[in-house]
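This is what each chain is made of:
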Amino acid sequence: MNDMAQPGQKQQKRVSLRGQAYDILKRQILNCELKPGEAVTVTDLAEALGIGRTPVIQAVDRLMLDGLVEVMPRKGVVVSPVSLDDLVEIIEVRLLNEGQAARWAAERINDQQLAAMRDNFDRMRAAAKTRNISDLIALDSEFHGLINKAAGNSIMAEMLWSSRAMSQAARSLFLMQLTRTVQTSTPCAAPPSFRSAR
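Please read these numbers as outputs of a predicted model, since none were measured by experiment. Within each chain, residues carry numbers counting from 1 in the order of the written sequence. Where local features are concerned, this predicted model is filtered to residues with pLDDT of at least 70; where side-chain atom pairs are given and counted, the filter is 80 or more; whole-chain, interface and lining totals use all residues. Computation of side-chain values covers all heavy atoms of the structure but excludes hydrogens and water.

The subject of this paragraph is the overall build of the protein. A tally of regular secondary structure across the protein gives 8 helices and 3 strands. By definition, any uninterrupted DSSP run of H or I lasting at least four residues is a helix, any uninterrupted run of E lasting at least two residues is a strand, and each is numbered from the N terminus. Ordering the α and β elements of the protein from the N terminus gives α-β-α-α-β-β-α-α-α-α-α. Residues counted as buried form 41% of the 198 residues belonging to the protein. Contact definition: two residues touch when any of their heavy atoms are within 4.5 Å. The contacts in the protein between residues at least 6 apart in sequence include a share of 66% that link residues at least 24 apart. Exposure was quantified through the Shrake-Rupley algorithm and a 1.4 Å probe, taking into account, for residues, occlusion by the shown protein chains and nothing else. Accessible surface computed for the protein: about 11600 Å², of which carbon and sulfur atoms make up 56%. Note on classification: 1.4 Å probe, protein chains only; a residue is buried when its accessible area is under 20% of the maximum for its type, exposed when over 50%, partly exposed between these limits.

The terminal C-alpha atoms of helix 5 (residues 111-129), which comprises 19 residues, lie 27 Å apart, in line with the 27 Å expected from a rise of 1.5 Å per residue. Pairs of N or O atoms within 3.5 Å make up the polar contacts considered here, provided that, within protein, one atom can donate a hydrogen while the other can accept it, and that residues adjacent in sequence are counted only when both atoms are side-chain atoms. Capping of helix 5 at its N-terminal end is provided by Asn110; its side-chain oxygen lies 3.1 Å from the backbone amide nitrogen of Gln112. A positive backbone phi angle near 55° is found at Arg131, which sits one or two residues after helix 5. One less than the number of residues in a helix, times 1.5 Å, gives the span that helix is expected to have.

A few words on helix 2 (residues 42-49). Restricting attention to buried positions, one finds in helix 2 the residues Val42, Leu45, Ala46 and Leu49. Taken down its axis, helix 2 places every buried residue within 100° of arc, on the same side. The exposed residues of helix 2 that point more than 90 degrees off its buried face are Glu47 and Ala48. Each element contacted by the buried residues of helix 2 is listed here: helix 1 (17-30), strand 1 (39-40), helix 3 (53-65) and strand 3 (76-79). Immediately downstream of helix 2, the backbone of Gly50 shows phi near 75°, a positive value. Think of the arc as the fan of directions from the helix axis to the C-beta atoms.

Here we take up the confidence of the model for the protein. The predictor attaches a confidence to each residue, and that confidence, scored 0 to 100, is pLDDT. Across the protein, the average pLDDT comes to 78, with 72% of residues at or above 70. Counting contacts from residues 185-198, a segment whose pLDDT is below 50, to residues more than four positions away or on other chains yields 23 contacts.

Further remarks concern the sheet that holds strand 2 (residues 69-72). When DSSP finds two or more bridges between two strands, those strands count as paired. Taken together, 3 strands build an open sheet; the order of strands is 1-3-2 and the sheet is antiparallel. Looking at strand neighbours, the two that pair on one side only are strand 1 and strand 2, the edges of this open sheet. Angles run from 0 to 180 degrees between N-to-C directions of axes, and those axes are lines fitted to C-alpha atoms, restricted for helices to the stretch in contact. This element, helix 3, spans strand 2 and strand 3 of the sheet and lies at about 120° to strand 2.

What follows covers the packing of aromatic side chains. Stacked, tilted and edge-to-face pairs are distinguished by plane angle, under 30 degrees for stacked and over 60 for edge-to-face with tilted covering the rest, among Phe, Tyr and Trp rings (Trp via its six-membered ring) whose centres lie within 6.5 Å. Taken as a whole and assessed by the stated rule, the structure comprises 0 aromatic pairs. Taking the ring centre of Tyr22 as reference, the NZ or CZ of Arg62 above it sits at 3.7 Å. Lysine NZ or arginine CZ positioned within 6 Å of the ring centre and within 35 degrees of the ring normal marks a charge as sitting over the ring.

Direction of pairing for strand 1 relative to strand 3: antiparallel, over a ladder of 2 bridges. Residue pairing in the sheet places Val40 in a bridge with Val77 of strand 3. Two strands pair when backbone bridges link them, and strand 2 and strand 3 are joined in this way by 4 bridges, in the antiparallel orientation. Bridging from a neighbouring strand, Met72 pairs with Gly76 of strand 3. Where strand 2 folds back on strand 3, the antiparallel hairpin that results is connected by 3 residues, among which Arg74 adopts a positive phi of roughly 65°.

Positive phi, close to 65°, is recorded for Arg74, a residue that is not glycine. Take Arg74: its relative accessible area is 87%, and that puts it in the exposed class. Look at Arg131: it is not a glycine, yet its phi comes out positive at around 55°. Position of Arg131 among the secondary structure elements: in the loop between helix 5 and helix 6 (133-151).

Set out below in structure tokens:
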């Protein structure tokens, strides 16, 4: 189980069941274990995770705020597709805010935070060499979390945290597809969520 509530933060206390459910479901969405358009019930999720329905419902509420899922009558919890238009708008917002966060981080970072970033970068390089996509995605999230923490602005960090979720889902789809293409040397079709946006 992924017991980190947010990338870049060391585990200091026991994570709640709600937090565990959120972390696991988010990771499954970002790693494409739960695919865009896929529908599941809260009961199915609770059974798969081995926890009660209440923390799963709370986790789903948080995933809805992140834009990663929708709850649809008679269908259940549906993983949100990400269109190309959605992705472009998210990237535009991130370009503005992440640039400012990086500037603040450069001005305010301390030695411990800088060491954590260097360590993260070394681990990212190792993951890239072995083409470990899921580790790269997790380390990238951790790196951005470290920047946000060094920037010292909790409101901007929350905004960036939410906007990254949908772009991560789209990027995960692309990277998984690209990896399959490199490994099989077959032509790569864009994921359905991208094709439908054209």
